[in-house]
Amino acid sequence: MTSAWNSTTRAWEVLAGVADPEIPVISVVDLGIVRDVRAEGSALEVTVTPTYSGCPATQVIEASIRRALADAGFDATVRTALAPAWTTDWMTPAGREKLARFGIAPPGVRAESAAAPLRFVRPAPRTIACPHCGATDTERLAEFGSTACKALYRCRECREPFDYFKPI
């Protein structure tokens, strides 16, 4: 019989291979939405925090996690935890690199604390580096890109459009 430590370690390895359905180059672990894995005998409980509470991919992600773990021989349940709310700060450095290589500008670090003040004045625009050429002369074309968690930008140097994963 394997120990709980071996089971959870192996489960994390399996989960590192589960791709996000909207951005298939990044895993659910690199995205930071897998919050915890607990072994109880032969069963696993995986806790997931979606990027947005209304994220349309949440059910697909949960099914992919269950399927991958079942294929690896685990009896797993997936629990959704909405608090604390997911933040882009939970993304791994490897995940940020994968986003950039895929052509999506990764988010910067959001804040030192999970709490964010309400602002009624638009903040100064951020410098977003183009993931294609690295130039920082970019412009936002639309607040929402291919998904709600991304904004559409264009590089003024290479003229290529790109998604920017918005920090939250």
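Conventions adopted
- Residues numbered from 1 in each chain as written.
- Predicted model: local features only at pLDDT ≥ 70, side-chain atom pairs only at ≥ 80, totals over all residues.
- Heavy atoms only, no water.
- Helix = DSSP H or I, 4+ residues; strand = E, 2+ residues; numbered from the N terminus.
- Buried < 20%, exposed > 50% of the residue type's maximum accessible area, 1.4 Å probe, protein only.
- Contact = heavy atoms within 4.5 Å.
- Pairing = 2+ DSSP bridges.
- 1 Å grid on protein atoms, 1.4 Å probe; cavity = no way out; pocket = protein on both sides within 12 Å on 5 of 7 lines; lining within 4 Å.
- Points joined across faces, edges and corners; volume = space filled by probe spheres on them.
- Nonpolar A, V, L, I, M, F, W, Y, C, P; charged D, E, K, R; others polar.
- Phe/Tyr/Trp six-rings, centres within 6.5 Å; stacked < 30°, edge-to-face > 60°.

Visitor: Could you give an account of the overall build of the protein chain, with specific residues and numbers?
Guide: Assigned secondary structure in the protein chain consists of 4 helices and 7 strands. When the helices and strands of the protein chain are placed in sequence order, the string is α-α-β-β-α-β-α-β-β-β-β. Evaluated residue by residue, the protein chain yields a buried proportion of 40% over its 168 residues. Considering only residue pairs separated by 6 or more positions, the protein chain has 51% of its internal contacts joining residues 24 or more positions apart.

Visitor: Which residues make up unusual backbone geometry, and what values go with them?
Guide: Here the amide bond leading from Ala83 into Pro84 is cis, since omega sits at 0°, within 30 degrees of zero. Position of Pro84 relative to the elements: it lies in the loop between strand 3 (75–80) and helix 4 (93–102). A positive phi angle, near 70°, is found at Arg159, a position not held by glycine. Looking at where Arg159 falls in the secondary structure, it is placed in the loop between strand 6 (150–155) and strand 7 (161–165).

Visitor: Describe in detail the sheet that holds strand 4 (residues 104–105), supporting the description with residues and values.
Guide: In spatial order, the strands read 4-7-6-5; together these 4 strands make up an open sheet with mixed pairing. If you trace the sheet from one side to the other, it starts and ends with strand 4 and strand 5 (138–142), each paired once. Here strand 4 runs beside strand 7; their pairing, made up of 2 bridges, is parallel. From the neighbouring strand, Ala105 faces strand 7, where its bridge partner is Tyr164.

Visitor: Pulling in residues and values, what's your account of empty space enclosed by the protein?
Guide: Across all of its chains, the model carries 1 cavity of 30 Å³ or more by this definition. If you trace the largest cavity, you find 14 residues lining it, with Asp20, Glu22, Leu31, Thr51 and Cys55 closest to the centre. Classifying every residue of the lining of the largest cavity gives 9 nonpolar, 2 polar and 3 charged.

Visitor: Now, about the pairing of strand 7: what can you tell me, with residues and values included?
Guide: With 4 of its 5 residues buried, strand 7 lies for the most part within the structure. By the bridge criterion, 5 bridges tie strand 6 to strand 7 in an arrangement that is antiparallel. Bridge pairing in strand 7 links Lys150 to Phe165. Between strand 6 and the antiparallel strand that follows it, strand 7, lie 5 residues; Arg159 among them carries a positive phi value of about 70°.

Visitor: Outline the packing of aromatic side chains, listing residues and values.
Guide: Within this structure, the stated rule accounts for 3 aromatic pairs. Between Tyr153 and Tyr164, the ring centres sit 5.6 Å apart and the planes meet at 75°, which makes this aromatic pair edge-to-face. In this pair, Tyr153 is assigned in strand 6 and Tyr164 in strand 7, connecting sequence segments 11 residues apart. Residue classification places Tyr164 among the buried residues on the basis of a relative accessible area of 5%. What links up through ring pairs into an aromatic cluster is the set Tyr153, Phe162 and Tyr164.

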